[in-house]
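What follows is the residue order along each chain.
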Amino acid sequence: MSIDLNKYIDAFRRGIANVGKNFTTDDESPDVKGKGDLIKYNPYLAKIAIVVVIFVVGFAAGVMLERSMSMPEGDVVLAQEESAEDALKNELAGEVETESQPMQQSEQKTVEEPKAQTTPTPVVAQSSAKSFDSLTAEEQNDVKCLKADDVWSSSKVKSQRFKNMFAQLNSGNIDCLDATFNGYSKEHINGYVVNVISSIKKLTPEEREKAKKYLREDDGGEIKMSWAAKKIGEMAK
């Protein structure tokens, strides 16, 4: 059986359905009623149609693939350029921010750090050493009271001399004890006070600062001399 391929292609283009009579052999198919009858199905024509469709689809797919492959490259380059530009902007912004931070911190320090206010120590008259016999009657009574009492309180003394002594102790001047009772005999000075005066002379500057709290009146207005002698004596060892 001989087939003319050009006729098939020409028939496919024109859309002529009755080209079967030119494509068959001399033996007519029993399904054919006449030369002008329409051939319902021709396998060769179907194959050619499939080939053409595959060619068209393949060509279109190739074009789409080529475009899809070429477009990302441009997008990547553009994205890279934009990314580099953004990175440069961020770097410049970071440098400006870094340079401005020290200035801001210095301004904050200037505002947030007010000058420290120190509370001045109250000025109180110093108690100087005086012999017992040279004291007034009121002062002698205070000496006897302080000698007999191991718990001292400014509310118990009557003379201004010993009120000043308590004011000095409360302000941290622990040396006022020696200045007040220097030269007094055991008959006129408390035994715990003798030990405190002796221990204070052996303390370092740091220890002297710690000792001050033991010789201040507490919340109850008292100084426990026995406790002060014990703690200050431990530091002096």
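Conventions we followed
Residues numbered from 1 in each chain as written. Predicted model: local features only at pLDDT ≥ 70, side-chain atom pairs only at ≥ 80, totals over all residues. Heavy atoms only, no water. Phe/Tyr/Trp six-rings, centres within 6.5 Å; stacked < 30°, edge-to-face > 60°. Helix = DSSP H or I, 4+ residues; strand = E, 2+ residues; numbered from the N terminus. Buried < 20%, exposed > 50% of the residue type's maximum accessible area, 1.4 Å probe, protein only. Lys NZ or Arg CZ within 6 Å of the ring centre and 35° of its normal. Core = buried A, V, L, I, M, F, W, Y, C linked by side-chain atoms within 4.5 Å. Contact = heavy atoms within 4.5 Å.

Peer 1: An account of the packing of aromatic side chains is requested, with residue identities and associated values reported.
Peer 2: Per the counting criterion, the structure on display carries 4 aromatic pairs. When the centroid spacing of 6.1 Å and the interplanar angle of 45 degrees are considered together, the rings of Trp-152 and Phe-181 count as tilted. Taken together, the residues Trp-152 in strand β1 (residues 151-152) and Phe-181 in helix α6 (residues 176-181) connect sequence positions 29 residues apart. Take Trp-152 and Phe-181: they sit in the same class, and that class is buried. Ring pairing ties together the aromatic residues Trp-152, Phe-162, Phe-166, Phe-181 and Tyr-184, which thus form one cluster. Directly above the aromatic system of Phe-162 lies the positively charged group of Arg-161, at a separation of 5.8 Å from the ring centroid.

Peer 1: Explain the nonpolar core to me, and be specific about the residues and the numbers.
Peer 2: Counting residues in each nonpolar core, the largest one holds 31 residues, and the members touching the most others are Trp-152, Met-165, Leu-177, Phe-181, Val-196, Leu-215 and Ile-232. Looking at this core, the elements that each hand over two or more residues are α4 (137-148), α5 (160-170), α6, α7 (191-200) and α9 (225-236). Top element by residues in this core is α9. It accounts for 6 residues. Excluding its chain neighbours within four sequence positions, the residues that come into contact with Trp-152 are Leu-146, Met-165, Phe-166, Leu-177, Phe-181, Asn-190, Val-193, Gly-221, Glu-222, Ile-223 and Met-225.

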